[in-house]
Amino acid sequence: MAYVFTPPAVVSVPVQGSADAFPVHRIYCVGRNYADHAKEMGGTGREAPFFFMKPADAVLVAAPGTTVSMPYPGLTANLHYEIELVVAIGIGGSRILASDAHKHVFGYAVGLDMTRRDLQNDMKKQGRPWSISKGFDHSAPIGIITPAAQATAVETAEIALQVNGTDRQRSNIAKMIWNVAETIEKLSEAWELQPGDLIFSGTPEGVGPVVRGDTMVGSVTGLHPISVKVV
Ligand code: MN
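Draft legend 1. View of unusual backbone geometry. A positive phi is found at arginine 32, a non-glycine position, where the angle reads about 50 degrees. Among the secondary structure elements, arginine 32 is positioned in the loop between β3 (27-31) and α1 (35-40). What makes arginine 32 partly exposed here is its relative accessible area of 22%. Positive phi outside glycine occurs at asparagine 164, with the angle close to 50 degrees. In this fold, asparagine 164 is placed in the loop between β13 (158-163) and β14 (166-172).

Draft legend 2. Spotlight on the pattern of salt bridges. Taken as a whole and assessed by the stated rule, the structure comprises eight salt bridges. The salt bridge partner of lysine 103 is aspartate 100, with a shortest N-O separation of 3.1 Å. Three or more residues are tied together by salt bridges with common partners; here these are Lys54, Glu82, Asp113, Arg117 and Lys134.

Draft legend 3. Up close: the coordination of the manganese ion. Taken together, Glu82 (OE), Glu84 (OE) and Asp113 (OD) make up the full set of protein donors to the manganese ion, lying 2.0 to 2.1 Å away. In the primary structure, the donors to the manganese ion are separated according to the pattern E-x1-E-x28-D. Here the residue glutamate 84 occupies a position in strand β8 (residues 83-89), and aspartate 113 occupies one in the loop between β9 (105-112) and β10 (115-116), the gap between them amounting to 29 residues.

Draft legend 4. Seen up close, the environment of serine 139. Tracing the backbone through its elements, the reader meets serine 139 in the loop between α3 (131-134) and β11 (140-142). By relative accessible area, which is 0% here, serine 139 ends up buried. With 85 residues separating them along the chain, serine 139 and lysine 54 place their C-alpha atoms 7.9 Å apart. If we ignore the near neighbours within four places in the chain, the residues touching serine 139 are Lys54, Ala58, Leu112, Asp113, Met114 and Lys134.

Draft legend 5. Representation of the sheet that holds strand β7 (residues 79-81) in the model. Sheet architecture is open: three strands sit in the order β10-β7-β16, paired in antiparallel fashion. Taken across any chain shown, the strands that pair with only one partner, and hence form the sheet edges, are β10 and β16 (208-209). Examined bridge by bridge, β7 and β10 share two bridges and lie antiparallel to one another. Bridge pairing in β10 links leucine 79 to arginine 116.

Draft legend 6. Representation of helix α2 (residues 117-126) in the model. Burial in α2 covers these residues: Arg117, Leu119, Gln120 and Met123. Viewed end-on, α2 has its buried residues packed into an arc of 160 degrees, placing them on one side of the element. Where α2 is buried, its residues contact β7, β10 and α3. Looking one or two residues beyond α2, the residue adopting positive phi is glycine 127, at roughly 70 degrees.

The rules behind these values
Residues numbered from 1 in each chain as written. Predicted model: local features only at pLDDT ≥ 70, side-chain atom pairs only at ≥ 80, totals over all residues. Heavy atoms only, no water. Helix = DSSP H or I, 4+ residues; strand = E, 2+ residues; numbered from the N terminus. Buried < 20%, exposed > 50% of the residue type's maximum accessible area, 1.4 Å probe, protein only. Salt bridge = Lys/Arg side-chain N within 4 Å of Asp/Glu carboxyl O. Donors = N, O, S within 2.8 Å, 3.2 Å for Na, K, Ca; no water. Contact = heavy atoms within 4.5 Å. Pairing = 2+ DSSP bridges. Arc of directions from axis to C-beta.

Structure follows, in structure tokens:
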């Protein structure tokens, strides 16, 4: 069978130490997963996790040793960074128990959940879906994936973001309200996870705006850092 037009290429992320890439299926994101960020967004810091999605082709690969350009999106005057640990799923499943969750993890990467905050706030006020604020093109910059076996200390790693060399976000993965295993348990109650799924696991406090010309450097200790310039 042929297709009526050429299908889009598979979106993929490079893998450390491998010539083979990780093919992306879906991008799930966790909202308000660090107490101090939940508070800065107007919550109490104790809500159950909630999820939203970005399209797979929102991925913008930030290769090691380079600065990747991210075009400033339209329809916003308040583009925010959110530094996040990204969990790459290698084995799918539904109703995965937290105690089994790590068997499903292929590896980890550093990511940015870029957000049109003004549009998000407008949509929230109107009680409308806020896909337009989260799922835009190039909204998911991500570094190369470190296989789980080489990222054993990731759950107690420092996570940080600098803009133009100045610290904007700095916390620790251990401060997540719902850890990686619990997040996988909750998420897989709602969707059957598939190999190739990426989970942006939430951002710590300190989110804020960037403008054209700013360079964001994001890191999680033990993983490949990313450098992204807004153009
Ligand atoms: Mn986020």
